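# Commentary on secondary and tertiary structure
If you want the building blocks of each chain, they are given just below.
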Amino acid sequence: MPTLIAPSILAADFANLQKEVEMLNSSEADFIHVDIMDGVFVPNISFGIPVTEAIYKHARKPLDVHLMIVNPDNYLESIRNAGAEIISVHYEACPHLHRTVQGIHALGAKAGVAINPHTSIVLLEEIIGDIDLVCLMSVNPGFGGQKFIQNTYEKVSRLKELILKKGSSAKIEIDGGVNLENAPKLIEAGADILVAGSFVFSSKDPQQTISELKSL
Ligand code: DX5
Ligand code: ZN
């Protein structure tokens, strides 16, 4: 299966959001990755539901929403109504993760679980059969433009093994510091979806950069 590309709108020019979404619409991107941060789970605040709705209004690609927030259960319905096709919650923010995953599915969305760099793959053993996606953080969540953590390659391989062992259909998404240098190794290790924020939006030709990532 070809690698799927999910540019992160966090790195876009927020003053020209419609234009940026239209640029992604006419690119080879597969999803639009939407990073919601609450200033509690992560030390930064990005944007929330009204901005997600505004993106959705113009988007012709499915929204892959990454919730970096505490108590995500309180917002699942609004996030879904704002246009999310995939909703990922953080393992570290969900004491009743199974219930949260069921809640996402009940809304008709795909359910993802994101894990921080220090969180072990082993902890996904009992949930991997119930989810559609694992978002492996390859930076500490909270900011775009950070340096890729090298240990991620090993985690991708271990996660791939777990998925095969459990007969899960979960996709592996890598989020943080992805570029043309680390992407081939991530794909080789088993990555299915690559999120790329600053690498895409700060490049001279974002559509061309998306094509290059896609053609790996
Ligand atoms: C980090 C976010 C990422 C980020 C990726 O907290 O979850 O999705 O926007 O941006 P880059 O590709 O710049 O690391
Ligand atoms: Zn993200």
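That block above? That's the structure.
Rules used throughout
- Residues numbered from 1 in each chain as written.
- Chains lettered and ligands numbered in written order.
- Predicted model: local features only at pLDDT ≥ 70, side-chain atom pairs only at ≥ 80, totals over all residues.
- Heavy atoms only, no water.
- Near = heavy atom within 4 Å.
- Polar contact = N/O pair within 3.5 Å; in protein donor to acceptor, adjacent residues only side chain to side chain.
- Areas by Shrake-Rupley, 256 points an atom, 1.4 Å probe, with all protein chains shown as cover.
- Helix = DSSP H or I, 4+ residues; strand = E, 2+ residues; numbered from the N terminus.
- Nonpolar A, V, L, I, M, F, W, Y, C, P; charged D, E, K, R; others polar.
- Salt bridge = Lys/Arg side-chain N within 4 Å of Asp/Glu carboxyl O.
- Buried < 20%, exposed > 50% of the residue type's maximum accessible area, 1.4 Å probe, protein only.

Turning our attention to the site of ligand 1. Around ligand 1 lies a shell of 20 residues, among which Asp35, Gly142, Asp175, Gly197 and Ser198 are the nearest. Here His66 contributes a side-chain N or O atom positioned 3.2 Å from an oxygen atom of ligand 1. Measuring from an oxygen atom of ligand 1, one finds a side-chain N or O atom of Ser198 at 2.5 Å. Isolated, ligand 1 exposes 380 Å² of accessible area, and the fraction of that covered by the protein chains is 99%. Among the secondary structure elements, those contributing two or more residues to the shell around ligand 1 are β2 (32-37), β3 (63-68) and β8 (193-196). Counting residues per element, the shell around ligand 1 draws most heavily on β2, which supplies three residues. By residue class, the composition of the shell around ligand 1 is eight nonpolar, ten polar and two charged.

The next point concerns the pattern of salt bridges. Summed over all chains, the structure comprises three salt bridges. One salt bridge connects Glu125 with Lys166, and the closest N-O pair in it is separated by 3.8 Å. Placement of the pair is Glu125 in the loop between β5 (110-115) and β6 (133-137) and Lys166 in helix α5 (residues 152-166), with a sequence separation of 41 residues. Judged by relative accessible area, which is 36%, Lys166 ranks as partly exposed. Notably, a salt bridge pairs Arg158 with Glu154, separated by 3.2 Å at the nearest N-O pair. Within this pair, Arg158 and its partner Glu154 are both found in helix α5, separated by four residues, close to a single helical turn. Residue class for Arg158 comes out partly exposed when judged on its relative accessible area of 39%.

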